[in-house]
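Each chain, letter by letter, is given below.
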Amino acid sequence: MALDTTHPATATGTSEPPAARAPRRTSRPGGTRLWVKIVIALLLIVEIYPLIWMFLTSLKSNSDYLNHSTWSLPTHWEWGNYADAWTTGNIGLYVKNSVLAVVPALALMLLLGTAAGFALQVMVWKGRNLTLLVFLAGMMVPPQMILLPLFTVYFQTGLSGTLWPLILTYTGTGLPLTVFMMATYYRSVPRELFEAATIDGAGILRAFWTISLPLVRNALLTVGLVQFFFIWNDLLIALTFTNNQDLRTIQVGLLNFTGDFGATQYGPLFAAICINVFGTLVIYLFLNQKVMKGLTSGAVKG
């Protein structure tokens, strides 16, 4: 018995026209988009306004900063604060020390972390899961607990008074997270590529250097940038192991940014902060797209 699919008859025997049906209520996308734009505008204000305030404060004199409102514009635009921050405040030396400590530590961290991630996910050997758990356990150790033992070791080995304590400590503390993230990225690499390379006669080292590294270059850039910000903005480790003024990094140098008789020079201080903040911001904006690709490439599998 077939179902009747015709429209129900009216009193005159004809079917009800479709136009007589009650119209459905449709949502208004314009209202939703307006709220989204308002929220985005508020977030932009929250993020951008402190940067503008910091830049304007870096152009104030000490009298402007101390005697006028915090939100007021500079009465005289003191562009010389940046020159004072770079020369008198030794911000150039602090930036140089930060680069000399961060770049080698970042290179060692990425090299060792990528090799460990390759070994833990691509190679098959007994105990690799336990080894990965050991690396993950390293992420749970607070850095404050290892500072005193490391300081003793560096002093006894004669490494104090150099940048090697910073390089080694940054490498060791950042390695667990690097290994975990690189192992996650290697999960998305097809195993057929390594199987084909093995059939063609490629060894482990060749498969690592010529096949795996080009496939995870976006991941390397992402992990490297994340670790770069962690290391560059570090204060605790640098303050513990830099016992010489000539070895201070930029974060430690900002703590002692004073003028004559210990008075804080707020204009040069904020100028030095602007050099630090806007320099790292330019690096992030320049590498933003590659970082987004790296963040999504590890979410294909696993």
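What you see is a predicted model, and the numbers here were worked out from it, not measured in a lab.

## Examining the packing of helix H10 (residues 217–232) against helix H13 (residues 266–286)
And step 1. Running from amino to carboxyl end, H10 crosses H13 at an angle of 175 degrees, the nearest separation of the two axes being 12 Å. One finds that H10 runs roughly antiparallel with respect to H13. Contacts from Leu225, Phe228, Phe229 and Trp232 of H10 reach H13 at Asn276, Thr280, Ile283 and Tyr284.
And step 2. Partitioning the contact of H10 with H13 into residue classes produces six nonpolar, two polar and no charged.

## Structural notes on the nonpolar core
And step 1. Ranked by size, the top nonpolar core spans 49 residues in total, and within it Ile91, Leu166, Tyr170, Met182 and Tyr186 carry the most contacts.
And step 2. Counting only elements with at least two residues in this core, the list comes to helix H4 (91–121), helix H6 (147–156), helix H7 (164–186), helix H9 (204–215), H10, helix H11 (236–241), helix H12 (250–255) and H13.
And step 3. If you tally residues by element for this core, the top one is H4, at twelve residues.

## Observations regarding the packing of aromatic side chains
And step 1. One pass over the full model with this rule turns up 15 aromatic pairs.
And step 2. Centre to centre, the rings of Phe118 and Tyr186 are 5.7 Å apart; their planes meet at 70 degrees, and the pair counts as edge-to-face. Here Phe118 is found in helix H4, whereas its partner Tyr186 is found in helix H7, with 68 residues between them in sequence.
And step 3. Members of the aromatic cluster, joined through ring pairs, are Tyr49, Trp53, Tyr65, Trp71, Tyr266 and Phe270.

## A short note on the side chain of Thr242
And step 1. Looking at the secondary structure, you find Thr242 in the loop between H11 and H12.
And step 2. The class for Thr242 is buried, based on a relative accessible area of 11%.
And step 3. In contact with Thr242, other than residues within four places in its own chain, are Leu166, Leu247, Arg248 and Val252.

## Some remarks on the confidence of the model for the protein
And step 1. Model confidence for the protein is summarised by a mean pLDDT of 82, while 84% of its residues fall at 70 or above.
And step 2. Across the protein, element-level confidence peaks in H4 with a mean pLDDT of 93 and bottoms out in helix H14 (residues 288–297) with 66.
And step 3. Contacts of residues 298–302 to residues separated by more than four positions or lying in other chains number seven contacts, the stretch itself having pLDDT below 50.

Calculation notes
Residues numbered from 1 in each chain as written. Predicted model: local features only at pLDDT ≥ 70, side-chain atom pairs only at ≥ 80, totals over all residues. Heavy atoms only, no water. Axes fitted to C-alpha atoms, helices over the stretch in contact; angles between N-to-C directions. Helix = DSSP H or I, 4+ residues; strand = E, 2+ residues; numbered from the N terminus. Parallel < 35°, antiparallel > 145°, perpendicular 65-115°, else oblique. Contact = heavy atoms within 4.5 Å. Nonpolar A, V, L, I, M, F, W, Y, C, P; charged D, E, K, R; others polar. Core = buried A, V, L, I, M, F, W, Y, C linked by side-chain atoms within 4.5 Å. Buried < 20%, exposed > 50% of the residue type's maximum accessible area, 1.4 Å probe, protein only. Phe/Tyr/Trp six-rings, centres within 6.5 Å; stacked < 30°, edge-to-face > 60°. pLDDT = per-residue confidence, 0-100.

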